[in-house]
Amino acid sequence: MIVAGAAVQGTAHLARGQGCQDAFKAVELGGTAVLAVADGAGGRERSALGAHIAVDAACRILAEDIPGAGDAPEVWTGWIAEAGARIVADYRRAVEGVLSAVAEPSESVVEPSEPVDAGALAATLAAAVVRPPWVAFLSVGDCFGTVLTRDPDGSGPAREVRERCHLVLPPPAPGAPETVFLSSPGAALRLRSFVVWEPQLSGVVLATDGCAALTLDHPSVRELPPEVGPLPSERFFCGLAATLRANGGDATPLRALLSGPGAARTGDDLTVLCALTDGR
């Protein structure tokens, strides 16, 4: 399995002298990969730390007791839902520990430091466990995820194998309620979790919301009505997969894509993390 990712500071953050507030992490377990991306809330003073806490918690918990490839759907759906609740609780405990440490007065200070609201570490999260033919997803907030599949019959005179991309974890639609963060009240109740069984699975890609303008197409591009919603760009996702397979997983071209002119118009940090199930 090829696993590659990159995070790039957004142009708006660069202009304000603000560091990258995204984070990503992956754990490879033989033929299984655990992926997590997190987006620290813009303008929150410690959100970058919150994003790192989120991906650490997700990868640690999701690497435990993963169901087998032959297990039933209800086993997978129950496991990912329970793991998602544990991740939210673990994140909250870690954040409370950080805030408690910040609030403790030092010996040289007479009055205690002013407590910091948990929202200071606010972050969204998307995570996936890739164990072909299964993918288990969970999400809090506006990160999104795409699945890549192979056309089993091929196409054209040479019967070349074609790869397709499917937006299975879309970002919230325009006009949706305000973003939910891991630190938001009731975050565990608003967590999305689901599983995909796909025999032709060839890859999974997670991205933070700053990547939407670069990686998602308006439905009008394919002459579809607006209510269809955003569609994954085959040029981006399938092109990226082909490049990573050809270079053995070197993330340099991905970093270049996230730093290019097409990415600059978002202004936000951009993070992409993927796992490709074979080297073809």
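Model, not experiment: these values are computed from the prediction. (Residues numbered from 1 in each chain as written. Predicted model: local features only at pLDDT ≥ 70, side-chain atom pairs only at ≥ 80, totals over all residues. Heavy atoms only, no water.)

Overview of the overall build of the protein chain
Working step 1: Across its full length, the protein chain carries seven helices and twelve strands.
Working step 2: Looking at the protein chain as a whole, 49% of its 280 residues are labelled buried.
Working step 3: Across the protein chain, contacts joining residues at least 24 apart in sequence account for 72% of those joining residues at least 6 apart. (Helix = DSSP H or I, 4+ residues; strand = E, 2+ residues; numbered from the N terminus. Buried < 20%, exposed > 50% of the residue type's maximum accessible area, 1.4 Å probe, protein only. Contact = heavy atoms within 4.5 Å.)

Section: the packing of aromatic side chains
Aromatic rings considered in pairs are described by the distance between their centres and by the relative angle of their planes.
Working step 1: Summed over the entire model, instances satisfying the criterion amount to four aromatic pairs.
Working step 2: Summarising the aromatic geometry, the rings of W76 and W79 are spaced 6.0 Å apart at their centres and angled 85° between planes, so their arrangement reads as edge-to-face. Taken together, the residues span about one helical turn, with W76 and W79 both in helix α3 (residues 73–103) at a distance of three residues.
Working step 3: With a centroid separation of 5.5 Å and an interplanar angle of 20°, the aromatic rings of W76 and W134 are classed as stacked. Residue W76 is located in helix α3, and its partner W134 is located in strand β5 (residues 134–140); the two are separated by 58 residues in the primary sequence. Each member of the pair W76 and W134 is classed as buried.
Working step 4: By way of ring pairs, the aromatic residues W76, W79 and W134 are connected into one cluster. (Phe/Tyr/Trp six-rings, centres within 6.5 Å; stacked < 30°, edge-to-face > 60°.)

Some thoughts on the confidence of the model for the protein chain
Working step 1: Averaged over all residues, the pLDDT of the protein chain equals 85, while 82% of them reach at least 70.
Working step 2: Note on residues 107–116: pLDDT is under 50 here. Beyond four places in sequence and across chains, it has eleven contacts. (pLDDT = per-residue confidence, 0-100.)

Overview of the sheet that holds strand β1 (residues 2–8)
Working step 1: Read across the sheet, five strands follow the order β1-β12-β9-β6-β7 without closing on themselves; strand pairing throughout is antiparallel. The open sheet terminates on both sides in strands that have one partner only, identified here as β1 and β7 (163–169). Strand-to-strand twist across the sheet, computed as the mean angle between neighbouring axes with direction ignored, equals 15°.
Working step 2: Along the sheet, helix α5 (residues 234–247) makes contact with β1, β6 (144–150), β7, β9 (201–207) and β12 (270–276), crossing β7 at roughly 120°.
Working step 3: Sheet contacts for helix α6 (residues 252–259): β1 and β12; angle to β1, the most-contacted strand, approximately 30°. (Pairing = 2+ DSSP bridges. Axes fitted to C-alpha atoms, helices over the stretch in contact; angles between N-to-C directions.)

A short note on the packing of α5 against α6
Working step 1: Running from N to C, α5 and α6 point in directions that differ by 150°, and their axes come no closer than 9 Å. Considering the angle they form, α5 stands roughly antiparallel to α6. In this structure, α5 uses F236, L240, T243 and N247 to contact α6, whose residues at the interface are P253, L254 and L257.
Working step 2: Residue composition of the contact of α5 with α6, by class: five nonpolar, two polar and no charged. (Parallel < 35°, antiparallel > 145°, perpendicular 65-115°, else oblique. Nonpolar A, V, L, I, M, F, W, Y, C, P; charged D, E, K, R; others polar.)

Things to note about the environment of L35
Working step 1: By secondary structure assignment, the location of L35 is in strand β3 (residues 32–40).
Working step 2: Looking at L35, the relative accessible area reads 0%, which means it is buried.
Working step 3: Separated by 23 residues in sequence, L35 and A58 place their C-alpha atoms 8.3 Å apart.

Some remarks on the pattern of salt bridges
Working step 1: Across all of its chains, the model carries eight salt bridges by this definition.
Working step 2: A salt bridge links K25 to D56; the nearest nitrogen and oxygen atoms lie 3.1 Å apart. Remark: D56 occurs in helix α2 (residues 47–62) and K25 occurs in strand β2 (residues 22–29); sequence separation between them is 31 residues.
Working step 3: On the accessibility criterion, K25 (33% relative accessible area) is partly exposed.
Working step 4: For D56, a relative accessible area of 36% puts it in the partly exposed group.
Working step 5: For the salt bridge of D90 with R93, the shortest nitrogen-to-oxygen distance reads 3.7 Å. Here R93 and D90 lie together in helix α3, a separation of three residues that amounts to about one turn. (Salt bridge = Lys/Arg side-chain N within 4 Å of Asp/Glu carboxyl O.)

So, the side chain of D90
Working step 1: According to the relative accessible area criterion, D90 is buried, its value standing at 16%.
Working step 2: Non-local contacts of D90, meaning those with residues more than four positions away in its chain, are made with A57, R60 and I61.

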